[in-house]
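This is what each chain is made of:
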Amino acid sequence: QMKLLGFDDGRIEFEAKEAFRAAKVTAQLEQSMFKDGKLGSEIGFSYNAGNGKQIVGKIDALYIGDDGRVYVGDYKTGKHLGAEEAVQAQMYQEIIRQVLDDFRQMKYGNEEQGAAMDKIRQKYGFSDNINHFLEEVWKQNAFSTGRQAYLMHYNEGVGRVVSVSTPADNIL
């Protein structure tokens, strides 16, 4: 594709090296912020929020931080991040907070892990790629969330995350 855009071999090689470096930096950023790295990604859900409202979405990333709390990562690709993106990230954070509350009650109510995971997947309409995340939450007793979700601004031109902020940073 780059040849079609008129890039010479030197530029193509430079861009390939830069993309590799950017991916490595992004991975290091995630590892420095979150002890276990990404525990789930592209997790689809369909949740009945009551009042006839069905919330359907896809959570970009779930992490357990060094503080033992669960964080939602919401990747955005636009040039500017605004209030709409912040609201979506916070909505996902609230859904995960509800999931953790339900999951904690099941664990301490002596529910078996597998049965509890099945109930959570069914209630929230999660895709199967939530499993690893739920297993780690159960194992680490990570049943609380951080105060904020993280918006991770992914710049397609650069091919990496260029900033990480909380929704409040983007609303103010």
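See the structure above.
This write-up is about the structure you can find in this document. These figures come from a predicted structure and were not determined experimentally.

### What about the packing of aromatic side chains?
Here comes step 1: Scanning the entire structure with this criterion turns up seven aromatic pairs.
Here comes step 2: The rings of Phe45, Tyr47, Tyr92, Tyr124 and Phe126 are connected pair by pair, giving a single aromatic cluster.

### Points about helix α3 (residues 113–124)
Here comes step 1: Under the 1.5 Å per step criterion, the end-to-end length of α3 is 16 Å for twelve residues, consistent within 8% with the ideal 16 Å.
Here comes step 2: Of all the residues in α3, the buried ones are Ala116, Met117, Ile120, Arg121 and Tyr124. Along the axis of α3, the buried residues cluster in a sector spanning 135°; they form a single face.
Here comes step 3: Following α3 by one or two positions, Gly125 adopts a phi angle in the positive range, close to 65°.

### Describing the pairing of strand β1 (residues 38–50)
Here comes step 1: Bridge count between β1 and strand β2 (residues 53–64): ten bridges; the pairing is antiparallel. Counterpart to Ser46 in the pairing with β2 is Val56.
Here comes step 2: Hairpin geometry of β1 and β2 is characterised by an intervening segment of two residues between the two adjacent antiparallel strands and by a positive phi of about 55° at Asn51.

Cut-off values and rules
- Residues numbered from 1 in each chain as written.
- Predicted model: local features only at pLDDT ≥ 70, side-chain atom pairs only at ≥ 80, totals over all residues.
- Heavy atoms only, no water.
- Phe/Tyr/Trp six-rings, centres within 6.5 Å; stacked < 30°, edge-to-face > 60°.
- Helix = DSSP H or I, 4+ residues; strand = E, 2+ residues; numbered from the N terminus.
- Expected span 1.5 Å × (residues − 1).
- Buried < 20%, exposed > 50% of the residue type's maximum accessible area, 1.4 Å probe, protein only.
- Arc of directions from axis to C-beta.
- Pairing = 2+ DSSP bridges.

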